[in-house]
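So you can see what is in the structure, the chains are spelled out below.
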There are 2 protein chains.
Amino acid sequence: MLGNFSYVNATKLYFGDDSLKYLNDELPKYGDNVMLIYGGGSIKKNGIYDEVVAILKENGKNIIEDSGVMPNPTVEKLRDGVSKARENNVDLLLAVGGGSCCDYAKAVSVSINCDEDPWEKYYIRFEEPTCEIVPVGCVLTMAGTGSEMNAGAVITNHEQKLKIGHVFGDEVMPKFSILNPKYTMSLPKRQMTAGIYDIFNHICEQYFSGEDDNTSDYLAEGLMRSVIKSSLIAVDNPEDYEARSNIMWSATWALNTLISRGKSTDWMVHMLGQSAGAYTDATHGLTLAAVSLPYYRHILPYGVAKFKRFATEVWNVDPEGKSDEEVALEGLKAMEEWMEKIGVKVTLTDLGATEDMIEGIADGTIILEGGYKVLTRDEVVDIIKKSM
Amino acid sequence: MLGNFSYVNATKLYFGDDSLKYLNDELPKYGDNVMLIYGGGSIKKNGIYDEVVAILKENGKNIIEDSGVMPNPTVEKLRDGVSKARENNVDLLLAVGGGSCCDYAKAVSVSINCDEDPWEKYYIRFEEPTCEIVPVGCVLTMAGTGSEMNAGAVITNHEQKLKIGHVFGDEVMPKFSILNPKYTMSLPKRQMTAGIYDIFNHICEQYFSGEDDNTSDYLAEGLMRSVIKSSLIAVDNPEDYEARSNIMWSATWALNTLISRGKSTDWMVHMLGQSAGAYTDATHGLTLAAVSLPYYRHILPYGVAKFKRFATEVWNVDPEGKSDEEVALEGLKAMEEWMEKIGVKVTLTDLGATEDMIEGIADGTIILEGGYKVLTRDEVVDIIKKSM
């Protein structure tokens, strides 16, 4: 069944090993004050910073630097960024980095012209922007979050031990994103594989959900097969451009709203993983990896037919002579083996979680509807324990 | 390999059995003069016309009627439409119908503010619009062409015996399209199946091409599997909303540029089929069906690996103990059987072509590069003969 929905995504993408040059096509569309958003400085080491700054200068832009965006952008950083953007009357927020920089840029974009505190407005009360939104552009250096073509922005509040994502309306999507697979090659392997699991889980979150067996599911399977194939090549040879480019392109389409059209979704792996992330500050993709298998094995009985389809269509499990549940379980076993191969088979304990955090992680797990089973708090605790 | 490319598609889609109501959200964005474009009047019989007119009136629009758009819109009709649009200072072109109405609306949209003859400018000289483009919206009543979310417009010149498609730039894409699967249920079964084959062939045209085995191919396979599954259900029961909705949604994504990203394409089945269409005025999807198998069997030796993949991944052909070519041929055999099941296994002779047209159809076939084999004229003639 394909439910009723709308779809629009106006982000312009430039993809390929020559894609940065198209920044020259985009910059003239915006005013002179560009806030250049980046992380810990790796773009200075690999030369991307210099390339971007040169293009900004050639286009006569005033550059307002906003560096130090951390892997899980904090509410304090967000408030600082908003102040800096206001003081400098910025016309464009240019994020150069991974999903954290893109997410952060979007969170700033909806807060510059808004009087209220962004955490309270967007992450506690989940309101929509009622003020003018400053345009965002991205130069992506890591494949994973899909933030380059969606309207999501995850922000972490360490004081409140909450890591929360807000998916804004279409108008918050980046105006343009520049995707150069070569830029992703400078990443440490562990960040690459965490990103790959993030991509794969984005697809799973939308695949294992209500309104099954429609075109969205077929597209999701195509993406999963592409990610699996390319991930195994990239893990052996991170310099393989073809594999890295397919991973990057799959990441974009895994989370730009396409494959959730007509479906309900509960995003429970993200709800669990993000709560664990608020406690451990661990890499996002790895928190998802840690909770995935316990979660999927728990909900499998409520969605046997779909887990069976996952096994046969994504993992080529032979169903001959096996019960549906056996086939379904074999699919998860195949996924587990793949996780081992690419090096993301981890536990929350590996990521720094301790027994005393379990109740808190459960408290911070937002329980959503739309999947095969609405979890109780006891089930959440049980899944977290099994993820330790 | 995934080549370098850009991607943007800003068409807003409203999908579902309640989608027409969103016309109320779109109309206020445009001026008062709306040219209502439709075909032979079937929308008057099934009530869609009345519903659309009521919404236009509620929104205070002046309606300029432009009916009689034929299945293969002619250059004469295009010139008339342009005149009418100019005389009435139209602010929005609202196409209510199938791909022909949408294509026609786009061809009008780029010609209203252009002094030159549209056929000469866009279909002979293949120039880009240099004038202001009047916005287009679509209410789709037939699934197939993908015209609702792309910038293509096919126009036929009977005098010159040419049927030519121009794929314009992104700015020519419809601003919005309303997709209600229920509207497609009023179609005669033969039109439904012709549309289904059109969808399937759009995917094949992009799948069988250079730059193989990237994410685009995996997405294409997902779409093909979805279309095959839903087509078999819809042929048995055209009232099956689920099947019709998946067919409609697959049609949109089969030809909105996504699955050709990073690939080269030659669109030779369309080049052959459209030339046959200029001679026979036959239904577009059926002309494609008539030339497909002779064409694919001809190019198979130049792309055995991909045809093998097509066989195993799309048609579940078991490759055990068979040569690559045997597996590849079995895939085409499976496709042929499916075409028989849904009733589109036709010849050009069935569609009204006669022996004396063969040379002319070959003359009208534009030979493009980008596939597995650049055809010679002799090969074109041979394929047309085998399609008779």
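Here's what I pulled together on the structure shown here. Everything numeric in this text was worked out from a predicted model, so none of it was measured. (Residues numbered from 1 in each chain as written. Chains lettered and ligands numbered in written order. Predicted model: local features only at pLDDT ≥ 70, side-chain atom pairs only at ≥ 80, totals over all residues. Heavy atoms only, no water.)

Residue and element names in this part refer to chain B. Relative orientation of the contacting elements helix H7 (residues 189-207) and helix H10 (residues 268-280) amounts to 135°, with a least axis distance of 9 Å. In this view, H7 runs oblique relative to H10, as classed from their interaxial angle. Residues Asp198, Asn201, His202 and Glu205 of H7 pack against Met268, Val269 and His270 of H10. Tallied by class, residues from the contact of H7 with H10 come to two nonpolar, three polar and two charged. (Axes fitted to C-alpha atoms, helices over the stretch in contact; angles between N-to-C directions. Helix = DSSP H or I, 4+ residues; strand = E, 2+ residues; numbered from the N terminus. Parallel < 35°, antiparallel > 145°, perpendicular 65-115°, else oblique. Contact = heavy atoms within 4.5 Å. Nonpolar A, V, L, I, M, F, W, Y, C, P; charged D, E, K, R; others polar.)

So, on to the side chain of A:Thr365. Residues and elements named next belong to chain A. Within the secondary structure, Thr365 sits in the loop between helix H14 (358-364) and helix H15 (377-386). Within polar-contact distance, the side chain of Thr365 engages the backbone oxygen of Ile361 at 2.7 Å. Contact partners of Thr365, with chain neighbours within four places excluded, come to Met268, Met271, Leu272, Ser275, Val380 and Ile384. (Polar contact = N/O pair within 3.5 Å; in protein donor to acceptor, adjacent residues only side chain to side chain.)

This paragraph deals with the sheet that holds strand E5 (residues 136-140) of chain B. The 12 strands are arranged E3(A)-E2(A)-E4(A)-E5(A)-E8(A)-E1(A)-E1(B)-E8(B)-E5(B)-E4(B)-E2(B)-E3(B) in an open sheet whose pairing can be described as mixed. Strand pairing shows two members of the sheet lacking a second neighbour, strand E3 (62-66) of chain A together with strand E3 (62-66) of chain B, which therefore form its edges. Neighbour-to-neighbour, the strand axes of this sheet turn through a mean angle of 25°, independent of strand direction. In terms of strand pairing, strand E5 (residues 136-140) of chain A meets strand E8 (residues 176-179) of chain A through four bridges, oriented parallel. Its bridge partner being in E8(A), A:Leu140 is matched across the sheet by A:Leu179. Most of the contacts of helix H4 (residues 75-87) of chain A go to E3(A), to which it runs at about 165°, and overall it touches strand E2 (33-37) and E3 of chain A. Seen against the sheet, helix H5 (residues 99-109) of chain A touches E2, E3, strand E4 (92-97) and E5 of chain A and runs at an angle of roughly 165° to E4(A). (Pairing = 2+ DSSP bridges.)

For the rest of this paragraph, the subject is the interface of chain A and chain B. Counting residues at the interface gives 42 residues for chain A and 42 residues for chain B. Between chain A and chain B lies a buried interface of about 3,600 Å² when both sides are counted; carbon and sulfur atoms form 58% of it. Taken as a group, A:Tyr7, A:Tyr218 and A:Trp249 account for 17% of the area that chain A buries against chain B, more than any other trio of residues on that side. Counting across the chain A and chain B interface gives four salt bridges. (Buried area = accessible area lost by both parts, 1.4 Å probe. Salt bridge = Lys/Arg side-chain N within 4 Å of Asp/Glu carboxyl O.)

So, on to the pairing of strand E7 (residues 162-167) of chain A. Remark: a regular strand shows side chains that alternate across the two faces of the sheet. All names here are of chain A. Across six bridges, strand E6 (residues 152-157) lies against E7 in antiparallel orientation. Along E7, the bridge assignment pairs Ile155 with Ile164. In this structure, the hairpin formed by E6 and E7 is closed by a connection of four residues, where Lys161 is found at a positive phi of approximately 50°.

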